[in-house]
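Residue-level structure breakdown
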Amino acid sequence: MAGKDRDQFSTATRLRLLGEQTAARVYRSQNRRQARRSRLTGRAAFLALVVCSLVVALAYPMRQYVSQREAIADQERLSQKARQRTEELRDEKARLKDDAYIRRLAREHLHYVRPGETGYTVIDPGAAEDRRGEPGTTDRAWHSNLWDGVDTADRD
């Protein structure tokens, strides 16, 4: 028995026991980590599946929402432009009711003069060259030019 006690306290025996205990702890921790990993992996996979399902389910409605908001913004811009144009036309209508404004327009655009005044027309040489530069107006008959003018006015 003395040999057994001596064997129990020897360095080799202590190192062997220490190694076995360490190996057992490492083995237990690896098993725990693997068990934890598998649970987290399953939960993570389920969470990823739920998130992907939500993204797929909400992608189309969100795209529609964004496109409809853009369309609404475009319509509001068009509405604002139409309101501005309406105001401009109302102002022009009010100005056209004024006789002095009508006389001024007639003098400017129709070259009207009052009795006793002398009217002058100044010809700009650059304007004549610009008219000659228009393609096709001088090569065609007058009725073709007239018809093109009617079509242009109809489009405006």
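Because the structure is a prediction, the values reported are computed rather than measured.

Rules used in this analysis
- Residues numbered from 1 in each chain as written.
- Predicted model: local features only at pLDDT ≥ 70, side-chain atom pairs only at ≥ 80, totals over all residues.
- Heavy atoms only, no water.
- Helix = DSSP H or I, 4+ residues; strand = E, 2+ residues; numbered from the N terminus.
- Areas by Shrake-Rupley, 256 points an atom, 1.4 Å probe, with all protein chains shown as cover.
- Salt bridge = Lys/Arg side-chain N within 4 Å of Asp/Glu carboxyl O.
- Buried < 20%, exposed > 50% of the residue type's maximum accessible area, 1.4 Å probe, protein only.
- pLDDT = per-residue confidence, 0-100.
- Contact = heavy atoms within 4.5 Å.
- Polar contact = N/O pair within 3.5 Å; in protein donor to acceptor, adjacent residues only side chain to side chain.

1. Focus: the overall build of the protein chain
The number of helices and strands found in the protein chain is 5 helices and 0 strands. Carbon and sulfur atoms provide 58% of the accessible area of the protein chain, an area that totals close to 14700 Å².

2. Digging into the pattern of salt bridges
Under the counting rule described, the total for this entry stands at 6 salt bridges. In this structure, Glu-108 engages Arg-104 in a salt bridge whose closest nitrogen and oxygen atoms are separated by 2.9 Å. With Glu-108 and Arg-104 both in helix H3 (residues 99–109) and 4 residues apart, the pair spans about one turn of that helix. Among the ionic pairs, Arg-107 bridges to Glu-117, the shortest N-O distance being 3.1 Å. Here Arg-107, found in helix H3, pairs with Glu-117, found in the loop between H3 and helix H4 (125–132); they are 10 residues apart in sequence, far enough to count as distant. Residue classification places Glu-117 among the partly exposed positions, given a relative accessible area of 37%.

3. Digging into the confidence of the model for the protein chain
The predicted model of the protein chain averages 82 in pLDDT, with 79% of residues at 70 or higher. The secondary structure element of the protein chain with the lowest average pLDDT is helix H1 (residues 2–8), at 55, and the one with the highest is H3, at 90.

4. Side note on the environment of Arg-107
Note on Arg-107: relative accessible area 34%, which makes it partly exposed. Placed 12 residues apart in sequence, Arg-107 and Gly-119 show a C-alpha to C-alpha distance of 9.9 Å. Residues contacting Arg-107, with those up to four places away along its chain left out, are Tyr-112, Arg-114 and Glu-117.

5. Structural notes on unusual backbone geometry
Although it is not a glycine, His-111 sits at a positive phi angle of roughly 60 degrees. Counting through the fold element by element, His-111 comes out in the loop between H3 and H4. Accessibility expressed as a relative area gives 59% for His-111, which makes it exposed.

6. Examining the environment of Glu-92
Looking at where Glu-92 falls in the secondary structure, it is placed in helix H2 (residues 11–96). The exposure class of Glu-92 is partly exposed, given its relative accessible area of 27%. Looking at Glu-92, its side chain comes within polar contact range of the side chain of Arg-95, at 2.8 Å.

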